[in-house]
Every structure is written in C-alpha cells, then in structure tokens.
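Close look at the chain arrangement
So the chains spell out like this:
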Amino acid sequence: MNKQEEIAALAILIHDLRKHKKCTLKELADKIDRSVGFLSQVERGLSRPTVADLTAISETLGVPTTYFYSLPKPKVLPWVTRPDERRTLYYANGITDILVSPKIRASFSMLESQLEAGASSGERHLSDSSEQGGYVLEGALTLWLGDDDEPVTLQAGDSFQLDSHTRCRYGNLTDQLTRVLWVYT
C-alpha cells in the first residue's frame with residue numbers, strides 16, 4: 001500500500017472499531033480530550049492522529065495500539081516479515097511507525113519508528129497498557145517521563161524500558177532523522 005492507502009486504512013479501522021464498540025464520535029472525542037471535528041477528520045482520512053491520540057483511542061476502545069496495524073499483507077513465510085510486507089502508520093507531527101513483527105497477536109510486537117527532524121509524539125503524555133522498550137538505531141530520541149520536566153536524550157546505541165502505564169512523550173529535537181526499534185508486550 002502507498003502512504004494515502006495506509007492513511008485511509010487507518011481511518012477505516014478507527015471508524016469501524018468505534019462503531020463496533022457502540023461509541024459515538026462525541027463520547028470518544030470527550031474521552032480522548034479532542035474535538036468531534038478533529039476525530040471526524042481522522043475517521044475520514046483528512047487528518048492524522050498523533051501517537052498520543054492513537055494510544056488514547058486504543059485505550060478508550062479497549063484494544064492494544066497494535067490493533068491498528070492489523071490489515072494483513074501477504075507473507076511468503078509466516079514467521080518472517082520483509083520490507084514490502086510491512087504495515088505502516090503515518091502520524092501527525094512527523095512520526096512514521098512500521099510494524100516489523102511478523103505476528104501482531106504474539107507476546108510482543110516490534111515497531112520501527114522514524115522521527116523526522118523536530119517530530120514529536122504530541123503535546124500530551126501517552127500511557128500505554130503495554131510494557132515497552134526501545135533501542136535507538138540512529139539519531140537522538142528525547143523522552144519525558146511522568147511529571148518530570150527534565151527530558152532524557154538517548155543517542156544511537158542507547159536503550160530504555162518502561163513499565164506499563166508509564167506516562168511519557170517523546171520527540172526528535174535534532175535536525176536529523178531518528179530511528180528507534182520499539183518492543184511492546
């Protein structure tokens with residue numbers, strides 16, 4: 001799929017899941033602290049959610065964030081994933097996530113995040129029910145945890161691990177691309 005097809009597929013997944021859970025646009029918008037108009041644009045593929053938005057949507061609707069990577073692409077081997085078989089999410093604020101795990105419904109999932117210069121997960125902290133960790137492959141990743149105003153900047157080769165429901169946000173404060181391998185339980 002190309003970028004526009006991936007954005008449209010995400011919009012359909014969010015819309016269909018919300019309808020399946022019998023949740024109105026207003027109810028979901030209120031729970032994730034966003035406007036009905038914004039959420040409507042996301043469901044129509046006109047706007048892209050931030051990482052924090054999609055995490056809040058998944059938590060509110062009771063699914064793991066990896067649910068949104070669930071459109072299968074044909075694989076030659078079920079335990080291997082090749083670059084052209086991967087599902088990609090394009091977020092607002094310059095972040096692209098690529099599901100590199102061959103299986104979504106396993107005890108862990110792996111994502112490659114690509115953060116453009118100045119990209120961020122959003123102004124709001126996100127809180128995922130998954131335990132997660134990461135390994136900085138290239139560039140620098142800045143993390144803000146909980147209520148701590150002092151961020152920590154990790155360089156290529158650094159790694160981190162966060163307990164489930166750890167409130168955090170992250171970004172690339174440099175003028176170069178940052179790539180991170182994330183692992184979620």
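Residues numbered from 1 in each chain as written. Predicted model: local features only at pLDDT ≥ 70, side-chain atom pairs only at ≥ 80, totals over all residues. Heavy atoms only, no water.

**Things to note about helix α4 (residues 51-61)**
Along an α-helix, a turn takes 3.6 residues, which lines up residues three or four apart on a common side. So the rule is basically this: Three exposure classes are used, based on accessible area relative to the maximum for each residue type with a 1.4 Å probe and protein chains only: buried under 20%, partly exposed in between, and exposed over 50%. Strands are runs of DSSP state E lasting at least two residues, helices are runs of H or I lasting at least four, and both sets are numbered from the N terminus onward. What makes two residues a contact is simply this: any of their non-hydrogen atoms within 4.5 Å. Residues adjacent in sequence count toward polar contacts only when both atoms are side-chain atoms; beyond that, a polar contact is any pair of N or O atoms within 3.5 Å, and within protein one must be able to donate a hydrogen and the other to accept it.
Among the eleven residues in α4, eight count as buried, and that is most of the element. All buried positions along α4 are accounted for by Val 51, Ala 52, Asp 53, Leu 54, Thr 55, Ile 57, Ser 58 and Leu 61. Tucked inside the fold, the buried residues of α4 contact α1 (3-20), α2 (25-32), α3 (36-43), β1 (88-90), β2 (95-99) and β8 (168-171). Of the residues that open α4, the one with a side-chain oxygen 3.4 Å from the backbone nitrogen of Ala 52 is Thr 50.

**Remarks on α3**
Restricting attention to buried positions, one finds in α3 the residues Phe 38, Leu 39, Ser 40, Val 42 and Glu 43. Taken together, the buried residues of α3 touch α1, α2 and α4. In the segment just after α3, Gly 45 is the residue with positive phi, at about 75 degrees.

**Things to note about the domain arrangement of the chain**
Keep this limit in mind: For the domains described, the bounds stem from an automatic or database domain assignment. Summed over both partners, the accessible area lost on bringing two parts together, with a 1.4 Å probe, is the buried area. When a carboxyl oxygen of Asp or Glu lies within 4 Å of a side-chain nitrogen of Lys or Arg, that pair is called a salt bridge. Side-chain classes follow a simple rule in which Ala, Val, Leu, Ile, Met, Phe, Trp, Tyr, Cys and Pro form the nonpolar group, Asp, Glu, Lys and Arg form the charged group, and the remainder, Gly included, forms the polar group.
When the domains of the chain are assigned, the result is domain 1 (3-69) and domain 2 (83-184). The centre of domain 1, based on its C-alpha atoms, is set 19 Å off from the matching centre of domain 2. Facing 22 residues of domain 1, the contacting portion of domain 2 comprises 23 residues. Here domain 1 packs against domain 2, burying approximately 2,100 Å² in sum over the two surfaces, 58% of which is carbon and sulfur. Area buried by domain 1 at its contact with domain 2 is led by Glu 6, Val 51 and Tyr 69, which between them contribute 37% of it. Taken together, domain 1 and domain 2 are joined by two salt bridges. Put simply, Glu 6 and Arg 87 hold a salt bridge, and the shortest N to O gap is 2.0 Å. Summed over the shared surface of domain 1 and domain 2, the result is ten residue pairs in polar contact (both at pLDDT 80 or more). Going through the elements one at a time, α1 and α4 are the ones with two or more residues in the side of domain 1 that touches domain 2. Along the lines of polarity and charge, the residues of the side of domain 1 that touches domain 2 split into eleven nonpolar, four polar and seven charged.

**A look at the packing of α2 against α3**
How we decide: Axis lines are fitted to C-alpha atoms, over the contacting stretch for helices. Their N-to-C directions set the angle, which ranges from 0 to 180 degrees. Angular relationships are summarised with four words: roughly parallel below 35 degrees, roughly antiparallel beyond 145, roughly perpendicular across 65 to 115, and oblique for the angles in between. Helix crossings fall into two classes, left-handed where the near helix is turned counterclockwise from the far one by less than a right angle and right-handed where it is turned clockwise.
Their axes nearest at 9 Å, the elements α2 and α3 cross at an angle of 110 degrees. Our classification of the angle between α2 and α3 gives roughly perpendicular. By crossing handedness, the relation of α2 to α3 is classed as right-handed. Counted together, Leu 25, Lys 26, Leu 28, Ala 29 and Ile 32 of α2 and Val 36, Leu 39, Ser 40 and Glu 43 of α3 form the full contact between these two elements. In terms of residue class, the contact of α2 with α3 is made up of six nonpolar, one polar and two charged.

**Quick look at the packing of aromatic side chains**
The criterion, for reference: Working definition: a ring pair exists when centres of Phe, Tyr or Trp rings (six-membered ring for Trp) sit within 6.5 Å. Plane angles under 30 degrees give stacked, over 60 give edge-to-face, the rest tilted. Ring-over charges, as used throughout, are those where CZ of Arg or NZ of Lys falls within 6 Å of the ring centre and within 35 degrees of the ring normal.
Taken as a whole and assessed by the stated rule, the structure comprises four aromatic pairs. Ring plane angle 80 degrees and centroid distance 5.1 Å describe the contact between Phe 160 and Trp 182, whose orientation is recorded as edge-to-face. With Phe 160 in strand β7 (residues 159-162) and Trp 182 in strand β9 (residues 178-184), the pair connects residues that are 22 residues apart, well separated along the chain. For the pair formed by Phe 160 and Trp 182, the shared burial category is buried. Cluster of aromatic residues (ring-pair linked, three or more members): Phe 160, Tyr 170, Trp 182 and Tyr 184. For the cation-ring pair, Arg 34 lies above Phe 38, with the distance from its terminal atom to the ring centre recorded as 3.8 Å. Across the ring face of Trp 144, the terminal group of Arg 169 is positioned such that the distance to the ring centre comes to 4.2 Å.

**Notes on the sheet that holds strand β4 (residues 132-138)**
Operational definition: Between any two strands, pairing holds if DSSP finds at least two bridges.
Spatially, six strands are ordered β1-β2-β3-β9-β4-β7 in an open sheet, and the strand pairing comes out antiparallel. The strands lining the two open edges of the sheet, one partner per strand, are β1 and β7. Adjacent strand axes in the sheet meet at a mean angle of 20 degrees, parallel and antiparallel pairs treated alike. Pairing analysis gives six bridges linking β4 to β9, with the strands arranged antiparallel. Note that in β9 the partner of Gly 133 across the bridge is Val 183.

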